[in-house]
Amino acid sequence: MEILGRVQHGVIVIDGATTLPEGTVVTVKPLANPVVHVTKNQKRVTFPLFSSNAPGTLELTNERIGEILDEEDAEGVKRSWNEPS
């Protein structure tokens, strides 16, 4: 069996109404060679990415990162409630 699909946002989406059972093992073979763009002027990234008079003042533990993400999620929910439907 051969099924066509395409990559969309990093996920392979099967064309048409074909469905495969969850857990089906598949092989993916591109029909054409993908185009890879590489810049001619590559530069190494230097850290810190921005200068500061007090570098390293924010302690980013896993717990603090989780709190920041929760705060961002809460702000998004608040905004969606206030948007006209």
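Because the structure is a prediction, the values reported are computed rather than measured.

Notes on the overall build of the protein
For the protein, the helix and strand inventory stands at one helix and two strands. Listing each helix as α and each strand as β along the protein from the N terminus yields β-β-α. Across the 85 residues that make up the protein, the buried fraction comes to 0%. Total accessible area on the protein is roughly 9,100 Å²; 55% of this is exposed by carbon and sulfur atoms.

With respect to the pairing of strand β1 (residues 5–8)
Where β1 meets strand β2 (residues 11–14), four bridges bridge the pair, whose relative direction is antiparallel. Along β2, the bridge assignment pairs Arg6 with Val13. Between β1 and β2, which pair antiparallel in sequence order, lie two residues; one of them, His9, sits at a positive phi of approximately 55°.

What about the environment of Leu4?
By the element assignment, Leu4 lies in the segment before β1. Not counting chain neighbours up to four residues away, the residues in contact with Leu4 comprise Ile14, Asp15 and Leu31.

About the thresholds
- Residues numbered from 1 in each chain as written.
- Predicted model: local features only at pLDDT ≥ 70, side-chain atom pairs only at ≥ 80, totals over all residues.
- Heavy atoms only, no water.
- Helix = DSSP H or I, 4+ residues; strand = E, 2+ residues; numbered from the N terminus.
- Buried < 20%, exposed > 50% of the residue type's maximum accessible area, 1.4 Å probe, protein only.
- Areas by Shrake-Rupley, 256 points an atom, 1.4 Å probe, with all protein chains shown as cover.
- Pairing = 2+ DSSP bridges.
- Contact = heavy atoms within 4.5 Å.

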